[in-house]
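Chain by chain, the residues run as shown.
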Amino acid sequence: MNDTDTQCSEQEEVYRLTLKGLLQARLGHDQGNEIYDMLELYCRRNGCGMAIEDGRLGFVNMEAVE
């Protein structure tokens, strides 16, 4: 076994899933986009953002950084 084989076997695969991707996977592309757009609009209008805390999706207040 050479160094290249060792490096390939030791690499871990990492998957990153976005909220939009999760909605599309569960609800379909069109409906997932529609719900994501509504959530984004809600956040913009109310000055909040979405965050994952303890494995749960929640809304958090946005604060200005100086």
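Residues numbered from 1 in each chain as written. Predicted model: local features only at pLDDT ≥ 70, side-chain atom pairs only at ≥ 80, totals over all residues. Heavy atoms only, no water.

## A closer look at the overall build of the protein
Okay, so step 1: The helix and strand tally for the protein stands at three helices and two strands.
Okay, so step 2: The helix and strand sequence of the protein, counted from the amino end, reads α-α-α-β-β.
Okay, so step 3: Looking at the protein as a whole, 9% of its 66 residues qualify as buried.
Okay, so step 4: For the protein, long-range pairs separated by at least 24 residues make up 5% of all intrachain contacts whose partners lie at least 6 apart in sequence.
Okay, so step 5: With the model as given, the accessible surface of the protein reaches about 6,300 Å², and the carbon-plus-sulfur share is 47%. (Helix = DSSP H or I, 4+ residues; strand = E, 2+ residues; numbered from the N terminus. Buried < 20%, exposed > 50% of the residue type's maximum accessible area, 1.4 Å probe, protein only. Contact = heavy atoms within 4.5 Å. Areas by Shrake-Rupley, 256 points an atom, 1.4 Å probe, with all protein chains shown as cover.)

## What to know about the confidence of the model for the protein
Okay, so step 1: Counting all residues, the mean pLDDT for the protein is 84, and 86% of those residues have values of 70 or more.
Okay, so step 2: Across the protein, the element-wise mean pLDDT spans from 57 in helix H1 (residues 3–10) up to 94 in helix H3 (residues 29–46). (pLDDT = per-residue confidence, 0-100.)

## Digging into the environment of Cys43
Okay, so step 1: Among the secondary structure elements, Cys43 is positioned in helix H3.
Okay, so step 2: Separated by 19 residues in the primary sequence, Cys43 and Met62 have C-alpha atoms spaced 9.3 Å apart.
Okay, so step 3: When neighbours within four sequence positions are excluded, Cys43 is seen to be in contact with Cys48, Gly49, Met50 and Phe59.

## Comments concerning the pairing of strand E1 (residues 48–53)
Okay, so step 1: Judged from the six bridges that link them, E1 and strand E2 (residues 56–61) form a sheet pairing that is antiparallel. Its bridge partner lying in E2, Ile52 is registered against Leu57.
Okay, so step 2: The loop that links E1 with its antiparallel partner E2 comprises two residues; one of these, Asp54, has a positive phi angle of about 50 degrees. (Pairing = 2+ DSSP bridges.)

## Here we look at the pattern of salt bridges
Okay, so step 1: One pass over the full model with this rule turns up one salt bridge.
Okay, so step 2: Residue Glu40 pairs with Arg44 through a salt bridge whose shortest N-O separation is 3.5 Å. Taken together, the residues Glu40 and Arg44, both in helix H3 and four residues apart, mark about one turn of the helix. (Salt bridge = Lys/Arg side-chain N within 4 Å of Asp/Glu carboxyl O.)

## A closer look at the environment of Glu63
Okay, so step 1: In this fold, Glu63 is placed in the segment after E2.
Okay, so step 2: Along the sequence, Glu63 and Gly49 sit 14 residues apart, while their C-alpha atoms lie 9.9 Å from each other.

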